[in-house]
Each structure stands twice: as C-alpha cells, then as structure tokens.
Amino acid sequence: MYVSRSRGEPPGTTPPPTDVAFWCERVRYRSLAADGADQTTRYEVGTPAEAVRRVRTEVRALASTLPPAERNRAFEWTDSGGCLHAVAALHRHEPCGFSLSAGSAWVEWSVRPFLRFHVPHYRLLPLLPPSGSPVCGETP
C-alpha cells in the first residue's frame, strides 16, 4: 500500500491528529437597536459539557438582574431541557446558542465546534529572533 507523505515529514510518522474543540462567545449589545457589540467575551473549551456549563454559569449570574419573564426563561433554559439540547447539538458538531433581553440590553451566547489540529514540533516554523539579532543568513 502506498502512503503519500509531505516533504520534511520523517518516515514512519502519521499525519497529525485532529479533534473537536468548542469556540464560545458572549456578546452584549446596549440595546436591541444597537449596530455594534458593547462587550464581547471569547474563549475555547474542550468538551460540549464544559461549554454549556460555562454558558449556564453566566446565564444564572445574570438572571437575578432580569425582569420576571426573562428570569423565568433563563432558569427554564439552565434548569430544564434547553441546556440538554445544546449539549446534544454540540455532540452532533452543530452550533448552539441562547439569548436574553437584560433590561434595555441584549446578551447572546453562542458555541461553535471547530477542528483543532495538532502540529508536530518538527513541522512548526521557527520563532523570529528578538529585534537587533541577526536574521537567517546575516552575519552580526
């Protein structure tokens, strides 16, 4: 059996493995009519459960400041089937999200799966030298 190998890859090695990670975002808008985000928070987690746990924690922290109808919606999502559906979607590699009206502001959470590639050390590019240091081929 013939296996194609990229240049520079040592013999007997396999391609770098990939796995799924989850990109989480929380975006806050000053109002429903706002054109741009007022505040954005982004982070990466390794499992669907961790992604949804972090969103649940943030939603529950915000819930006490919400009007009764939105507070009920928040608790319904965090304590009932909403977050379970989100975990299931992420396991199927589908994005999920949740949003709330917080007074005049609007807050959205979204989680998207992405492929994380592990690059072997021999394939990484060298770091640039500190400024003032000679560059490849230059003599000091």
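Cut-offs and rules
- Per chain, residues are indexed from 1 in the order of the written sequence.
- Local features in this predicted model are restricted to residues whose pLDDT is 70 or higher, and side-chain atom pairs enter the listing and the counts only when it is 80 or higher, whereas totals over whole chains, interfaces and linings include all residues.
- Side-chain calculation: all heavy atoms of the structure are included, whereas hydrogens and water are not.
- The pLDDT value expresses, per residue, how confident the predictor is, ranging between 0 and 100.
- Here, residues are in contact when the closest pair of their heavy atoms is within 4.5 Å.
- Buried means the residue's accessible area, taken with a 1.4 Å probe over protein chains only, is under 20% of the maximum for its type, while exposed means over 50%, and partly exposed covers the values in between.
- Elements are defined by DSSP. Helices are runs of H or I of four residues or more, strands are runs of E of two residues or more, and each kind is numbered from the N terminus.
- Strand pairing is defined by DSSP finding a minimum of two bridges between the two strands.
- By the criterion applied in these results, polar contacts are pairs of N or O atoms within 3.5 Å in which, for protein atoms, one can donate a hydrogen and the other can accept it, and in which residues neighboring in sequence qualify only through two side-chain atoms.
- To define axes, lines are fitted to C-alpha atoms, for helices over the stretch in contact only, and angles between the resulting N-to-C directions are given on a 0 to 180 degree scale.
- Any angle that falls under 35 degrees is termed roughly parallel, while one over 145 is termed roughly antiparallel, one within 65 to 115 roughly perpendicular, and all others oblique.
- Throughout, a crossing is termed right-handed when the near helix is turned clockwise from the far one, and left-handed when it is turned anticlockwise from it by less than a right angle.
- Residues are sorted three ways: Asp, Glu, Lys and Arg are charged, Ala, Val, Leu, Ile, Met, Phe, Trp, Tyr, Cys and Pro are nonpolar, and all the rest, Gly among them, are polar.
- The span expected for a helix works out to 1.5 Å for each residue beyond the first.
- This arc corresponds to the set of directions leading from the helix axis out to the C-beta atoms.
- Salt bridges are identified by distance alone: a Lys or Arg side-chain nitrogen within 4 Å of an Asp or Glu carboxyl oxygen.

Asks: Would you take a moment to explain the confidence of the model for the protein chain for this structure?
Replies: If pLDDT is low for a region, its predicted coordinates should not be looked at in detail. Per-residue confidence for the protein chain gives a mean pLDDT of 81, with 77% of residues at or over 70. The model gives residues 1-6 a pLDDT under 50, and that stretch makes four contacts with residues more than four places away or in other chains.

Asks: Teacher, can you tell me more about the pairing of strand 3 (residues 96-102) here?
Replies: In the case of a regular strand, side chains alternate between the two sheet surfaces. Among the seven residues that make up strand 3, five are buried, leaving the element largely enclosed by the rest of the structure. In sequence, strand 3 turns back onto strand 4 (residues 105-117) through a hairpin of two residues, with Gly103 there showing a positive phi of about 70 degrees.

Asks: Would you explain the side chain of Thr78 in this entry?
Replies: With respect to the helices and strands, Thr78 occurs in helix 2 (residues 68-79). In terms of polar contacts, Thr78 uses its side chain to reach the side chain of Arg60, at 3.4 Å. At 3.3 Å, the side chain of Thr78 forms a polar contact with the side chain of Asp79. Once you skip the residues sitting within four places of it in the chain, Thr78 turns out to touch Arg56, Val59, Arg60 and Cys83.

Asks: Please explain unusual backbone geometry as it appears in this structure.
Replies: Excluding glycine, residues mostly have negative phi values, and the peptide bonds linking residues are mostly trans. Of note in this structure, His93 is not a glycine but carries a positive phi near 65 degrees. Checked against the element boundaries, His93 lands in the loop between helix 3 (81-91) and strand 3.

Asks: Would you take a moment to explain the packing of helix 1 (residues 48-63) against helix 2 for this structure?
Replies: Packed helix pairs are characterised by how far apart their axes lie and by the angle those axes make with each other. One can describe the packing of helix 1 onto helix 2 by two numbers: an axis separation of 10 Å at closest approach and a directional angle of 155 degrees. Classified by the angle their axes make, helix 1 and helix 2 are roughly antiparallel. As for how helix 1 packs across helix 2, the hand of that crossing is left-handed. For the pair helix 1 and helix 2, the contacting residues are Val52, Val55, Arg56, Val59, Arg60 and Ala63 in the first and Arg71, Ala74, Phe75, Trp77, Thr78 and Asp79 in the second. Split into classes, the residues belonging to the contact of helix 1 with helix 2 amount to seven nonpolar, one polar and four charged.

Asks: Explain helix 1 here, please?
Replies: Across its 16 residues, helix 1 extends 22 Å between first and last C-alpha, which sits within 8% of the 22 Å expected from 1.5 Å per residue. Residues Pro48, Ala51, Val52, Val55, Glu58, Val59 and Ala63 constitute the buried set of helix 1. Each buried residue of helix 1 sits inside an arc of 145 degrees when the element is viewed along its axis, so together they form one side.

Asks: Please explain the pattern of salt bridges as it appears in this structure.
Replies: Pairs can form between side chains of opposite charge once their charged atoms are near each other. Counted under the stated rule, the structure contains 12 salt bridges. Here Arg112 ties to Glu25 by a salt bridge, and the two come within 3.8 Å at their closest N and O atoms. Within this pair, whereas Arg112 is found in strand 4, its partner Glu25 is found in strand 1 (residues 18-29), the two being separated by 87 residues in sequence. You can call Arg112 partly exposed: its relative accessible area is 39%. The class for Glu25 is buried, based on a relative accessible area of 17%. A salt bridge links Glu50 to Arg53; the nearest nitrogen and oxygen atoms lie 3.0 Å apart. Taken together, the residues span about one helical turn, with Glu50 and Arg53 both in helix 1 at a distance of three residues. One network of salt bridges, with partners in common, ties together Asp19, Glu44 and Arg116.

Asks: I keep staring at the packing of helix 1 against helix 3 and nothing clicks. Help me out?
Replies: Running from N to C, helix 1 and helix 3 cross one another at 145 degrees; their axes reach a closest spacing of 9 Å. Viewed along their axes, helix 1 and helix 3 form a crossing whose handedness is right-handed. Here Pro48, Ala51, Val52 and Arg56 of helix 1 lie close against helix 3, whose contacting residues are Cys83, Ala86, Val87, Leu90 and His91. Here the contact of helix 1 with helix 3 is composed, by residue class, of seven nonpolar, one polar and one charged.

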